Structure formats: structure tokens, C-alpha cells
Amino acid sequence: MDVELLVGILPQVFIDGLILGFMYALIALGYTMVYGVLQFINFAHSEIFIIGGFVGVEILLGLKAAGLLETVPWVLVLLLVLVAGMAASGFLAFAVERVAYRPLRHAPRLIPLISAIGVSFFLQDAIRLFESIWRNAFNLVYPTMDVLNERFEITSTVDVSVKSLVVIVAALLMLWALHVLVNRTKIGTAIRAVAEDQAAASLMGINVNRIISLTFVIGGAMGGAAGVLFGVQYGLINPYTGFIPGLKAFTAAVLGGIGNIPGAMVGGLVLGLLEAFAASYLSLLTGGAFGAEYKDIFAFSILILILIFRPKGLLGEVVRERA
Amino acid sequence: MTGKSARIVFAFLVAVALALGSMPTAGDAQGKGTIKIATQSPLSGGQAALGEGIKLGAQLAVEKFKGNLEKAGFKVELVPFDDQAKPDVGVANAKNINADKDIMVVIGHLNSGVAIPSSEVYKEVGLAMISPANTNPTVTDRGYKNVYRVCGRDDVQGVVGAEFAKAQNTKSVYVIHDKTAYGQGIADFFKADAEKKGIKVLGFEGTEEKSNFDPLLTPIKAKNPDLIYFGGIYEQAGPFFKQAREKGIKAKFMGPDGLDSSDLTKIAGKAVVGMNYTSVAGPVSVYPQAKQFGEEFKKKFSKNPEPFAAQAYDSTAIAIKALEAVTKGGKAPTREAVAEAVRTVKHTGITGAVEFDEKGDPKKALYFVLQVASDNPEKWGDNKEVKRLTIAAPATKK
């Protein structure tokens, strides 16, 4: 076994895992916030996430066609697509809640869950229909901005590209902003109040419906930002791209303790790192007997182990069972 | 109008529409019924570019060659099916195809992993499948009487690739595949022959990942191979190659005919310029007889034919020849008779002369090594032919 190689790539694998982990964390927030206030899993969140990516690619392609992609400063372009992606996904999350979940709020638990799965399928094929008419394409390619592909060599095997830094910085900023919003503002207090007890919150003069909508908007916007960053980082999206990262982010939310916002971040990072380590090291350590294709099995086996010993997730608190 | 009477009117309209639909059409009235030719290829999803090419190639051939059958009193129709490049969808379609008694032959598929289980279904009723694109050896090695292909095989194509890599003075290679019957199959053949020729295989990895290749690429970069071979399809290879270059990997890229689509440059852009790939289907420009086909295709569908469109055109022409032979004297065709007749067809098509051996392989097939010429997807047809070989299908290893 080539120890030098194993150690040499370690920092790079760590960076790869970190990027993936932050992406999962941003998406996981959407699942966990909605669960926190409604005890309901919004399975359409994977499509809400990828819509952000589609809005981003459409804007970038539009700018490119207008010849503005090269002339406008890249930071502005990125900011624009991020804000647009967040707005679109936030609005979509709001609309989905209003149309598909609110009428079912008092129905048995399984009913809105099924509605969510239906919305997920509907959105996938709606995107596919739209893109096949509008661009006659299935896979959409993010236009490259040369600045983003520049790399800083740290050692011969380790380097970081500008876009990876962008992903990490943007994710950190957004997680920090969310933390401040939830813990330091009146709106945040209201969200936490609704999560704790809807009836009591409404007695205190909180408009519960509005807070629930707001929760969806915030979670959706985080997902939309993740969608844009996903496209920028990996370069290619199609209408079904959202599904797998969505599922993984949901897992991350459960791992961290569903309903718990810092938990979603921790869960996302743990899952991203596990996956990157498994994909890079499995075949090196087993001499090719287990290849990178086993990365999910490896990562999920560890997840199961963690959940056996901490059923409420890494940071989850014991939630009172509801009648 | 009340709700009830509206419903009655609606029901009446539906009944009329159904009755009209089942009424004999003009073609049937003067003749002996309908012969349907089905195509199965991905018409939606990431591989639709190639799948659509197969459908359109077949459509052009039906329009061009159906004359004799129509004179004999048959109505000829093309029925396209979308297998979505998924084995389960292909099999479900195959069952529907079997159930439609008018379908006499299937042109397809694009993916070997779809063709193999689907042809098991065709076999139940002896329905002929002529494949324009399936290169996995198993497709014909099962020895089914109803399965044919007009293209070469991966056990040869993999060797052609390894030989070319050796001639390029490649010392080490990292092999990636997509875990499908096709991709993993050809990657295995490439790897085995590369090792035989003394090329060091630094790694052999399968992946179903479609977007994030970072964790796969990190060990590759550290091992620094001369060449990366990708056994798979362009929609996965495209982002892989692009991310590899972005990560600063300098290795040359190579792959089989699954990479042969203009969508590869649409996705990967500059990263794949100068890349070599092997194929059983050259671009239309390498076949002198195909020039007219290319022009007609462009005129009719206002796009360039993708690889395998010309092969689908030839496959369909062969099918129609077999149908003509079977319906000689105005007999109604049967599926078994058509499947048998295909074996005896000798056809000089636009991609060369085709004659089948007892397994359903072409007796001699062409293999190409091609080079990507430009990062402009419009210029995919200009890819340079680096090498061309005519090789007979290998005998089945027992």
C-alpha cells in the first residue's frame, strides 16, 4: 500500500468532502426547518432545490447570449444568479405549501406526505417539459467563467479552485445569516414559537399561517442557493439531478437530528465528508476489491450505526411524542 | 346544457371517435393490411440525441424504400418507442410491441443493457430485432435466431482502443466505467488487452455518479496516469472529463463509441478537443455513399445526423428487403419468416456491405479510431478519422 499517496491526497479529499457537505447542509435546512414547524417531510424540496440551479443556468446563458458574461464583474454575476435562484426557489416553496400542503394541514400525517411526493414528480416533469420546449435540451451546461476555474496550488496533489472557495464562503455566510435570523430576531422567535406550540403561538398574536409560509420561503431560498452553487461547482444539471442530492440532504437532516438547524449543518458536513472519503479511499485501501461505487453503502452503513446509538441524531433532542 | 346531458354528449362523441378510429383506413381498403416497423431508442432523457437519430434514420429509410411493399398492397408504418435508455422501460415497450401483431421487425436499441433483456421478450414471439448500435458481445453470442446487428462488437472495439493506446506510447491508464452491460463490458475488454500489451492499469472504477466526480478524480490526479479510459456514455463522460481538466489532470482521454455524440462537446467543451475515441460507426463524412443521406437528413430534419442514424437507416433498409422477400407473391408476412429472411439478406448500404453470420453479427465490421476536432458541437461531423480497420466478428468462445 502506498502510504505516501494515501496521506498526500488527504487534504484534497477533505476539501472535496467539505464542499459536498456544505451543499448537503444548505439543502438539509429546507427539510429540517419545515419538519421543525410542521413535523412533516417536504419531499418536493429536492425539486425546489434544483429549480434554483435552473434559474441560475438560464440567467447565465442569457447573459452569455447578450455578451455580458465577460464584461460584467464575476462577483456581481454570481450575486445576481444566487439572489435570483433563492428568490425563485423561495417563491416556489411558498406556492407549493399554499397549493399542496395547507389544504391538507389537518388531514392524517400520511396524506401531505403523499401530496409532497406527487409535487416532486410533477415539478420534475414540469421542468423537463419547459426545458425541452424552451431549449430543446435535457442536460443544461453551466457557462464557464474563467475566473472561477482558476486554481490555487497548495502542494502538487492539493489545490483549491476559486469556485470551491465561492461555494464554501457562500454557504458559511448563508448559514450564519440563518443562525442570526432564527436566534436574534423577532421573526426567528416567532418561528421557534410556532415550532414549539402552534396553538399557544397563535394565542400570543402570532399569525401561524404566515410564519409557516415564511419557513417554507427561507428553507426554499437556502435550497435555491444550493442549486445555483451545485450548478456552478459541478457544471451540469438536468430535471432529475435534484433527486439524489435531495435524498442525501434529507438523510443529513435526520443524521443531525431532524428539526434542529445546527444539526442539519453538522449532518450535512458529516455525510459529505464520509462520502468523499469512501469514494476516494475505498479502492485504495482494499486494493480495488471495493471500488468507489460502494461509497454510498459505506457512508450509509456508518449512518445506520450512528443512528442506532443516537436515534435522535447527532444533535437531536428528545422530542415529546404527540398524541 | 345540464351536467348530465353534457356527459351524455361527451360519451357519444367518445364512442364516435372510437368507431372512426377502428374503421378500416384507405390503405387497408385497397390492400392486405399494415406492416409496422418499430424503433426502440431513448427519445427522452440525456441520451435522446443519439436515440432520436436512430428514429429519424429509420424514418428516412421507411419513406425511401417502402415503395415496393406499398405496390404489393401493404401499408407501411414506422412506430417509434421511447426506451429512455432504461432496461425496465425497454422490456415494458417490448411487451407492447409483441402485442401489436402488425409489428414485423424492431430497429434498436441504442444501449446494450436495454437491448439484451428486451430481445429476450422479442424472442418469445420470434420477432426480429436489428440493432444499429449495440456492441456488447452478449447481444448476439446468445445465438438467438431473431437478433441481428449491423455494427461491430466490444470485444474487438476494446482491443482496437488498447492497440491505439499502445501505439501512442501510453505507459499507464486509469479505467472508469458506468456499471452498465455496455460500459463495464468494453472497459473490461480494454483493460484486459491493455494489460496484455504491458500498459500499467493504475485503477479500475465503476460509478453511477452523474454530477460530482471530485472524490473519484482526487486519487486519479495523485496517480497521474498517461491516459484515462471512460467506458460509458457521453452524458456521464462529459462532466467527468470537464471536471478532470478543471482539476488540473493532464492525462489524455479516450473512450468507446458511447462517447460519439455532439453532446459530448456541448457538455465538456475544450476539455475533449483532441481526444481519441474508438467507434463502430464513423461520422457520415467517412462513408462515400452516405453523402446524399447526410444532405437529405439535414434538409428534412434541419439537423446533422448523429452517429448511428446512418446505421439505423441501413438496418431499416435490410428489414424492408427481408419483408419484400417474405411477402413475395402477396403473402401476408409472419414474424418467424421475417426473422429468418433477415439472415439471408445481402445489403450494400450507405455504411458498407452487410452480410450476417450464423450468430447475427455482420461477417465483417468496420472499426474506427476518431479524434475530436473542435469544441463546437456543430462540427462533430468533422471529427478526424485517425485509423480504420475491417475486422471479422470473433467466433464464440465456448
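Chains are numbered independently. Their residues run from 1 in the order of the written sequence. Chain letters start at A and ligand numbers start at 1, both assigned in the order the entries are written. Only residues with pLDDT of at least 70 are given local features in this predicted model, and only at 80 or more are side-chain atom pairs given and counted; all residues enter the totals for whole chains, interfaces and linings.

1. Points about the overall build of chain B
So, step 1. Every helix listed is a DSSP run of H or I at least four residues long, and every strand listed is a run of E at least two residues long, numbered separately from the N terminus. Scanning chain B for helices and strands turns up 15 helices and 14 strands.
So, step 2. Counting only C-alpha atoms and orienting by the principal axes, one finds that chain B spans roughly 75 × 60 × 40 Å.
So, step 3. Three exposure classes are used. Buried residues have 20 or more other C-beta atoms within 10 Å of their own C-beta, exposed residues have 12 or fewer, and partly exposed residues fall in between, all C-beta atoms being placed from the backbone. For chain B, buried positions account for 55% of its 398 residues.
So, step 4. Working definition of a contact: two residues with C-beta atoms, positioned from the backbone, lying within 7 Å. Restricting the contact set of chain B to residue pairs at least 6 apart, pairs at least 24 apart contribute 72%.

2. Regarding the overall build of chain A
So, step 1. Within chain A, the secondary structure is distributed over 13 helices and four strands.
So, step 2. The C-alpha radius of gyration computed for chain A amounts to 20 Å, which stays within 12% of the reference 20 Å derived for 323 residues, consistent with globular compactness.
So, step 3. With the principal axes as the frame, chain A shows a C-alpha extent of 60 × 55 × 35 Å.
So, step 4. Per-residue burial over chain A gives 49% buried out of 323 residues. All radius of gyration figures rest on C-alpha atoms, and the globule criterion is 2.2 Å times the number of residues raised to 0.38.

3. Some thoughts on the pairing of strand E3 (residues 103–108) of chain B
All names here are of chain B.
So, step 1. Burial runs high along E3: six of the six residues are buried.
So, step 2. Strands were regarded as paired on the criterion that DSSP finds at least two bridges between them. Pairing of strand E1 (residues 33–41) with E3 involves five bridges; the strand directions are parallel. Looking at E3, one finds that Gln-40 is bridged to Gly-108.
So, step 3. When E3 meets strand E4 (residues 128–131), the two strands line up parallel, connected through three bridges. Across the sheet, residue Ile-107 finds its bridge partner in E4, namely Ile-130.
So, step 4. The definition of a right-handed crossover adopted here requires that, viewed with the strands pointing away, the path from the first strand over the helix to the second runs clockwise. Crossover connection from E3 via helix H6 (residues 112–125) to parallel E4: handedness right-handed.

4. A short note on the sheet that holds strand E10 (residues 276–279) of chain B
All names here are of chain B.
So, step 1. Pairing within the open sheet is mixed, and its seven strands lie in the order E7-E6-E8-E9-E10-E13-E14. In this open sheet, the two edge strands, each paired with only one partner strand, are strand E7 (200–206) and strand E14 (384–392). Looking at each pair of strands side by side, their axes are set apart by 15 degrees on average, direction ignored.
So, step 2. Angular values range over 0 to 180 degrees, each being the angle between N-to-C directions of two axes fitted as lines to C-alpha atoms, with helices fitted over their stretch in contact. Running over the sheet, helix H8 (residues 154–167) touches strand E6 (172–177), strand E8 (227–231), strand E9 (252–255), E10, strand E13 (364–371) and E14 and is turned about 40 degrees from E13.

5. Side note on the interface of chain B and chain A
So, step 1. The partner chain A presents 30 residues to the 27 residues of chain B that form the contact.
So, step 2. Counting only elements with at least two residues in the side of chain B that touches chain A, the list comes to E7, helix H10 (214–223), helix H11 (234–246) and helix H12 (262–268) of chain B.

6. Some words on the pairing of strand E12 (residues 352–355) of chain B
All names here are of chain B.
So, step 1. The pairing of strand E11 (residues 346–349) with E12 spans four bridges and is classified as antiparallel. Residue His-347 lies in a different strand from E12, and its bridge partner there is Val-354.
So, step 2. In textbook terms, the turn of a hairpin is the stretch between consecutive antiparallel strands, and for E11 and E12 this stretch comprises two residues.

7. A look at the domain arrangement of chain B
Residue and element names in this part refer to chain B.
So, step 1. Domain boundaries shown here were taken from an automatic or database domain assignment. The domain boundaries assigned to chain B delineate domain 1 (11–151 + 286–362) and domain 2 (155–279 + 367–392).
So, step 2. Here the C-alpha centroids of domain 1 and domain 2 sit 30 Å apart.
So, step 3. Tallying the contact residues gives 16 residues for domain 1 and 16 residues for domain 2.
So, step 4. Elements that contribute at least two residues to the side of domain 1 that touches domain 2 include exactly helix H3 (48–65) and H6.
So, step 5. Tallied by class, the residues present in the side of domain 1 that touches domain 2 amount to six nonpolar, nine polar and one charged. Here the term charged refers only to Asp, Glu, Lys and Arg, the term nonpolar to Ala, Val, Leu, Ile, Met, Phe, Trp, Tyr, Cys and Pro, and the term polar to all other amino acids, Gly among them.

8. As for unusual backbone geometry
So, step 1. Residue B:His109 is bonded to the preceding B:Gly108 through a cis peptide linkage, with omega at 0 degrees.
So, step 2. Looking at where B:His109 falls in the secondary structure, it is placed in the loop between E3 and H6.
So, step 3. At A:Asn136, a residue that is not glycine, the phi angle is positive and equals roughly 50 degrees.
So, step 4. By secondary structure assignment, the location of A:Asn136 is in the loop between helix H5 (110–134) and strand E1 (140–141).
So, step 5. Residue classification places A:Asn136 among the exposed residues on the basis of 9 C-beta atoms within 10 Å.

9. Thoughts on the confidence of the model for chain B
Residues and elements named next belong to chain B.
So, step 1. Scored from 0 to 100, pLDDT reflects the predictor's confidence in each residue. Here chain B averages 89 in pLDDT, and 92% of its residues register 70 or above.
So, step 2. Per-residue pLDDT, averaged within each element of chain B, yields its smallest value for helix H2 (residues 26–30) (46) and its largest for E8 (97).
So, step 3. In this model residues 21–29 is a low-confidence stretch, pLDDT under 50, and it forms six contacts with partners more than four residues away in sequence or in other chains.
So, step 4. Model confidence for the complex: the whole-complex pTM is 0.86, and ipTM, which rates the interface, is 0.88.

10. Focus: the environment of B:Gly274
All names here are of chain B.
So, step 1. Relative to the helices and strands, Gly-274 resides in the loop between H12 and E10.
So, step 2. Sequence-wise, Gly-274 and Ala-373 are 99 residues apart; in three dimensions their C-alpha atoms are separated by 6.1 Å.
So, step 3. Dropping the residues within four chain positions of it, Gly-274 is found in contact with Gln-371 and Val-372.

11. Details of the packing of H8(B) against helix H9 (residues 181–196) of chain B
Residue and element names in this part refer to chain B.
So, step 1. For the pair H8 and H9, the least separation of the axes is 8 Å and the interaxial angle reads 45 degrees. Our classification of the angle between H8 and H9 gives oblique. The handedness of the crossing between H8 and H9 is right-handed. Together, Asp-154, Asp-155, Gln-157, Gly-158, Val-159, Gly-161, Ala-162 and Ala-165 of H8 and Gly-185, Ile-186, Phe-189, Phe-190, Asp-193 and Ala-194 of H9 make up the contact between the two elements. Here roughly perpendicular refers to angles of 65 to 115 degrees, roughly parallel to angles under 35, roughly antiparallel to angles over 145, and oblique to all remaining angles. Left-handed describes a crossing in which the near helix is turned anticlockwise from the far one by less than a right angle; the clockwise case is right-handed.

12. Concerning the sheet that holds E4(B)
Residues and elements named next belong to chain B.
So, step 1. Taken in spatial order, the five strands of this open sheet run E2-E1-E3-E4-E5, and their pairing is parallel. At either end of the open sheet lies a strand with only one pairing partner, and these are strand E2 (74–82) and strand E5 (147–149). The mean angle between the axes of side-by-side strands here comes to 20 degrees, regardless of whether they run parallel or antiparallel.
So, step 2. Strands in contact with H3 are E1, E2 and E3; relative to E1, the strand with the most contacts, it is inclined by about 155 degrees.
So, step 3. Sheet strands in contact with helix H5 (residues 87–99) are E1, E2 and E3, and its direction is about 175 degrees off that of E1.

13. Observations regarding the nonpolar core
So, step 1. A set of buried Ala, Val, Leu, Ile, Met, Phe, Trp, Tyr and Cys residues, joined to one another through C-beta atoms within 7 Å, is what we call a nonpolar core. Judged by nonpolar contacts, the single largest core of 214 residues is most densely connected at A:Ala25, A:Leu26 and A:Ala225.
So, step 2. Top contributing element to this core by residue count: helix H2 (residues 10–38) of chain A, with 18 residues.
So, step 3. Each of two domains, domain 1 (11–151 + 286–362) and domain 2 (155–279 + 367–392) of chain B, supplies a minimum of three residues to this core.
So, step 4. In contact with A:Leu26, other than residues within four places in its own chain, are A:Ala171, A:Met174, A:Met222, A:Gly223, A:Ala225 and A:Ala226.

14. Focus on the environment of A:Val77
Residues and elements named next belong to chain A.
So, step 1. Of note, Val-77 is situated in helix H4 (residues 74–101).
So, step 2. For Val-77, a count of 21 C-beta atoms within 10 Å gives the class buried.
So, step 3. Between the C-alpha atom of Val-77 and that of Met-145, which follows or precedes it by 68 residues, the distance is 9.9 Å.
So, step 4. The contacts of Val-77, once residues within four sequence positions are left out, are Leu-63, Leu-69, Val-72 and Met-145.

15. Here we look at helix H12 (residues 261–285) of chain A
Residues and elements named next belong to chain A.
So, step 1. Every helix has an expected span of 1.5 Å times one less than the residues it contains. Between its first and last C-alpha, H12 extends 35 Å over 25 residues, near the 36 Å set by a 1.5 Å rise per residue.
So, step 2. Its axis deflected by about 30 degrees at Ala-279, H12 carries its strongest bend there.
So, step 3. For H12, a buried count of 21 out of 25 residues is recorded, marking the element as mostly surrounded by other parts of the structure.
So, step 4. With its phi angle positive at about 60 degrees, Gly-287 sits one or two positions after the end of H12. Here the bend at a residue means the angle between the axes of two seven-residue stretches, the one that ends at it and the one that starts at it.

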